[in-house]
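As a plain string of letters, each chain reads:
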Amino acid sequence: MYRWIKSIIFLLMLVISLSISSTVYAATVKIDTDNLNIRNGPSLESDVIGQADTGETYQLNEREDGWVSIYFNNSIAWVSSEYVTISDENNEKNHDQTVHVQKDSIPTETKNNPNALLKNKVIVIDPGHGGRDVGAIGVSGGYEKKYVLHTAHNLKTYLEHLGAIVHLTRETDNYKMLSSRASYANYQRADVFLSLHYNSSPQYPSVKGIGTFFYDKNDETFASIMQEELIKSTNSEDRHAQFGDFQVLRTNHQPALLLELGFISNAAEELNIQTIAYQRKISQGVMAGLQKYFLMRETD
Ligand SMILES: [Zn+2]
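Predicted model, so just to flag it, every value in this text is computed and none were measured.

## A look at the layout of surface pockets
Item 1. Roughly 170 Å³ of volume is contained in the second largest pocket.
Item 2. Surrounding the second largest pocket, 14 residues form its lining, H129, L178, H197, F246 and L258 being those nearest its centre.
Item 3. Breaking the lining of the second largest pocket down by element, the ones donating at least two residues are α4 (178-187), β10 (192-199), α6 (247-250) and β13 (256-263).
Item 4. Per-class residue counts for the lining of the second largest pocket are four nonpolar, five polar and five charged.

Next comes the structure, spelled out in structure tokens:
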């Protein structure tokens, strides 16, 4: 009799733990080699954003021929499928590690489906300046127009991996009128328009940090959310969300923000801006900001 009860309890516990675990995580990706490159896209041309070693496990996002995408540092990243083993959902051995990875890597709000909030959202990214308009000039002589174009392409890659439909107001180093940038967002009926810039204040070379601007009062909360997430992910100095009378925002009928992502008149910040790590943090901050914003909009 006593044995009966014990085995029933054991079975009940097993069923409970299996049902909990299958809702908490999906399949895991175990790394089978050292120094495996982690990239921001499914190709050898994509930037290397980190490395993984034998035995590490990550949560599987999706598979694409020859590549596997995983959750890495709060976002989607890619590794070659040749050097990994994918384990199925109910493999008990990986239970503890998997839950641990998931807890650390996915924002709480979107734990169950981090991709869903950005899927099919139309996002227009506006890399500021371009062509004969070089924008601000950094301490090193680098142009703002070049830095923002790099940031825009990087951000586009990340957002597209989460299913967003991303349009850039300029793909290369060409000149675009301010009025056409805003009207492009209106034409695309963008869910969100983001104008990307790097700031400069040559008279005060120690000034640094990130600031977010809105024009329409309705975008004030969006700006605060975005600013908070950018500061959280980059640890940059907080220059706050504030009203800004910029033409790309003023003539925009879509939710629109202008992001000043750092000061290139500050030597250290200009150097930092050029690192893959900083660019990744910017993308992660923007993605987290967008997810929170869409979550808020959808639960309103
Ligand atoms: Zn600018």
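## Some remarks on unusual backbone geometry
Item 1. Within the chain, N120 stands out as a residue other than glycine whose phi angle is a positive 65°.
Item 2. Position of N120 relative to the elements: it lies in the loop between α2 (95-105) and β8 (122-127).
Item 3. One non-glycine residue, H240, lies in positive phi territory at about 70°.
Item 4. If you trace the backbone, H240 turns up in strand β12 (residues 238-243).
Item 5. When its relative accessible area of 48% is taken as the criterion, H240 is described as partly exposed.

## Observations regarding the pattern of salt bridges
It is possible for side chains of opposite charge to pair when their charged atoms get near one another.
Item 1. Counted by the stated rule, this structure contains nine salt bridges.
Item 2. Of the charged contacts, one joins E229 and K232 as a salt bridge, the two residues approaching to 3.1 Å between their closest N and O atoms. One end of the pair, E229, and the other, K232, are both in helix α5 (residues 220-234), three residues apart, so they sit about a helical turn from each other.
Item 3. Exposure remark for E229: the relative accessible area of 6% places this residue in the buried category.
Item 4. It is possible to trace a salt-bridge network through shared partners that takes in E229, K232 and K292.

## Section: the environment of F193
Item 1. Locating F193 in the fold gives a position in strand β10.
Item 2. Its relative accessible area of 0% is what places F193 among the buried residues.
Item 3. Separated by 25 residues in the primary sequence, F193 and L168 have C-alpha atoms spaced 9.8 Å apart.
Item 4. What F193 contacts, discounting residues up to four positions off in sequence, is V124, D126, T169, R181, A185, V248, N252, P255, A256 and L257.

So, how was this worked out
- The residue numbers shown here count from 1 along each chain, following its written sequence.
- At least 70 in pLDDT is required for a residue's local features to be given in this predicted model, at least 80 for side-chain atom pairs to be given and counted, and no such filter applies to totals for whole chains, interfaces and linings, which use all residues.
- With hydrogens and water stripped out, all remaining heavy atoms of the structure feed into the side-chain values.
- A cavity, in this analysis, means grid points on a 1 Å lattice covering only the protein atoms where a 1.4 Å probe fits yet has no way out; a pocket is instead an open set bounded by protein on both sides within 12 Å along at least five of seven lines, and a residue lines either one if it has an atom within 4 Å of a point.
- Grid points are joined across faces, edges and corners, and a volume is the space filled by probe spheres set on the points.
- Helix numbering and strand numbering both begin at the N terminus, where a helix is a DSSP run of H or I of at least 4 residues and a strand a DSSP run of E of at least 2.
- Here the term charged refers only to Asp, Glu, Lys and Arg, the term nonpolar to Ala, Val, Leu, Ile, Met, Phe, Trp, Tyr, Cys and Pro, and the term polar to all other amino acids, Gly among them.
- Classification of residues uses two cut-offs on accessible area relative to the type maximum, computed with a 1.4 Å probe and protein chains only: under 20% is buried, over 50% is exposed, and between them is partly exposed.
- One side-chain nitrogen of Lys or Arg within 4 Å of one carboxyl oxygen of Asp or Glu is enough to make a salt bridge.
- A contact between two residues is defined here by any heavy atoms of the two lying within 4.5 Å.

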